[in-house]
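Geometric and topological summary
Single-letter residue listing:
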Amino acid sequence: MNAPGPGPAPGPRRDTRGIVDPAELLARVRFRRHLPAPALRPYLEHYWLIDWDLSEPYASHVVPHPSVNVVFERTDEPGGSGGSPDSRDSGTGIGADDSAVISGIGLELFTRKLAGTGRVCGVQFRPGGFRPFAPALPVSHWTGRIAPLAEAFPDLGPGDPARVLAPADDHARVAALDAFLLAHGPADDPAADEAMALVDLVRTDRTVRRVSALARTAGLSARSLQRLFASYVGVGPKWVILRYRIHEALERAESGSPATPATAPATASVTTPAAAPVAAPPDWARLAAELGYSDQAHLVRDFTATVGVPPSAYARALSDP
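Conventions we followed
Residues numbered from 1 in each chain as written. Predicted model: local features only at pLDDT ≥ 70, side-chain atom pairs only at ≥ 80, totals over all residues. Heavy atoms only, no water. Phe/Tyr/Trp six-rings, centres within 6.5 Å; stacked < 30°, edge-to-face > 60°. Buried < 20%, exposed > 50% of the residue type's maximum accessible area, 1.4 Å probe, protein only. Helix = DSSP H or I, 4+ residues; strand = E, 2+ residues; numbered from the N terminus. Lys NZ or Arg CZ within 6 Å of the ring centre and 35° of its normal. Salt bridge = Lys/Arg side-chain N within 4 Å of Asp/Glu carboxyl O. Core = buried A, V, L, I, M, F, W, Y, C linked by side-chain atoms within 4.5 Å. Contact = heavy atoms within 4.5 Å. Lys, Arg positive; Asp, Glu negative; His and termini not counted. Polar contact = N/O pair within 3.5 Å; in protein donor to acceptor, adjacent residues only side chain to side chain. 1 Å grid on protein atoms, 1.4 Å probe; cavity = no way out; pocket = protein on both sides within 12 Å on 5 of 7 lines; lining within 4 Å. Points joined across faces, edges and corners; volume = space filled by probe spheres on them. Axes fitted to C-alpha atoms, helices over the stretch in contact; angles between N-to-C directions. Parallel < 35°, antiparallel > 145°, perpendicular 65-115°, else oblique. Nonpolar A, V, L, I, M, F, W, Y, C, P; charged D, E, K, R; others polar.

Let's talk about the packing of aromatic side chains
One pass over the full model with this rule turns up 7 aromatic pairs. Arranged with centres 5.0 Å apart and planes meeting at 80°, the rings of phenylalanine 125 and phenylalanine 130 form a pair that is edge-to-face. Considered together, phenylalanine 125 and phenylalanine 130 belong to a single accessibility category, that of buried residues. Centre to centre, the rings of phenylalanine 153 and phenylalanine 180 are 5.5 Å apart; their planes meet at 85°, and the pair counts as edge-to-face. Of this pair, phenylalanine 153 sits in the loop between strand 8 (146-148) and helix 2 (160-165) while phenylalanine 180 sits in helix 3 (residues 170-182), placing them 27 residues apart in sequence. According to the relative accessible area criterion, phenylalanine 180 is buried, its value standing at 7%. Of the aromatic side chains, those joined through ring pairs into one cluster are Tyr43, Phe72, Phe125, Phe130, Phe133, Phe153 and Phe180. Between arginine 131 and the ring centre of tyrosine 232, over which it is positioned, the NZ or CZ distance is 5.2 Å.

A short note on the pattern of salt bridges
If you walk through the whole model with that rule in mind, you get 17 salt bridges. Of the charged contacts in the structure, one is a salt bridge between aspartate 51 and arginine 173, with a shortest N-O distance of 3.3 Å. Linking aspartate 51 in strand 2 (residues 44-53) with arginine 173 in helix 3, this pair joins segments that are 122 residues apart in sequence. Look at aspartate 51 and you get buried, because its relative accessible area is 14%.

Side note on the nonpolar core
Ranked by internal contacts, the top residues of the largest apolar core, which has 32 residues, are Leu44, Phe72, Phe125, Phe130, Leu149, Phe153 and Leu181. For this core, the elements supplying multiple residues, two or more each, are strand 2, strand 4 (69-75), strand 5 (98-103), strand 7 (117-125), helix 2 and helix 3. Take this core: its biggest share by element is 5 residues, from helix 3. Once you skip the residues sitting within four places of it in the chain, phenylalanine 153 turns out to touch Val70, Phe130, Phe133, Ala134, Phe180 and His184. In terms of nonpolar packing, the next biggest core, distinct from the first, is built from 20 residues, Ala192, Ala195, Ala215 and Tyr232 among them.

Digging into the side chain of arginine 245
Inspection of the secondary structure assignment puts arginine 245 in helix 7 (residues 237-255). Within the buried set, arginine 245 has no salt-bridge partner at all; the shortest N-O distance to an opposite charge, 5.3 Å, is to glutamate 248. At a separation of 3.2 Å, a polar atom in the side chain of arginine 245 contacts the main-chain carbonyl oxygen of valine 202. Contacts of arginine 245, omitting those with residues within four sequence positions, involve Val202, Asp205, Arg206, Val208, Leu291 and Tyr293.

Some thoughts on the layout of surface pockets
In this model, the second largest pocket occupies a volume close to 760 Å³. If you go around the second largest pocket, you meet 33 residues; those closest to its centre are Trp48, Val62, Asn69, Val71 and Phe110. Of all the secondary structure elements, the ones that give two or more residues to the lining of the second largest pocket are strand 1 (29-34), strand 2, strand 3 (58-62), strand 4, strand 5, strand 6 (110-114) and strand 7. By residue number, the principal contributor to the lining of the second largest pocket is strand 2, which donates 4 residues.

Here's the deal with the packing of helix 7 against helix 9 (residues 296-307)
Closest axis-to-axis distance for the helix 7/helix 9 pair is 10 Å, and the angle between their directions is 85°. Considering the angle they form, helix 7 stands roughly perpendicular to helix 9. On helix 9, the residues that touch Leu242, Arg243, Ile246, Ala249 and Leu250 of helix 7 are Leu299, Asp302, Phe303, Thr306 and Val307. Here the contact of helix 7 with helix 9 is built from residues that sort into 7 nonpolar, 1 polar and 2 charged.

If you want it as structure tokens, here you go:
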């Protein structure tokens, strides 16, 4: 399987997949997604922009996607995006209130406290799409890490974060992100195309439940598939399969019905869903079978380990006034 991945979606996603209790987050922040320049779209999911002005701190929780993110942040609180102190002002000339980090795939639930006022301009790469911009290291090098962006892009200029973060206008921020990324790639890499296509298959085809079946589809041995994913995705294929199934279980707990990822025009504001009739609780045993689990207990175990509570308790908490 050597063909490039499918073309980019016509607009950024409008779903809240991976966000724990999205209504609570979206009631507190202004969250938008934008498409990048056409040359970048095969490699990026979207840009994501968040602004907040909070009277009280709020902790957001996300079940990470199998994606690398580049994050520029400006905040009135020390600590920024949670990167190491080196990412704040380590001789790069980055202002004390600005940070620029690379966030590798998170293996556990990601929690971020928001307080005061702040702004984030993020880049979510498609799984497999980051290495054409930073080919020196396998993507697994970044997994589980939040590191100063200069580790991936040593020529990061002292003014680069401010150029992204300073504009009040979304389109100016998007143009600055485009300019930054186009200065660093993408390099042509057929292996990245193959990795992106395989992850997209896992994401969109529920019948892909086993690594052995995915390897056969790719025309690779299981070991070669593992090496491809380590080099270009950052985690193994089994982890990707399970993570997308947990994302779907989260959405089913929130909606009570199958989730259908939506796309939008080149700019999409992600807003709190309109009030709807209370949905019946999901049939967890049936959902476990649909997602490829051998039984309900395995789904409950993975969901609880990832989110911190069993799926039924999570669904009940969402329905409580």
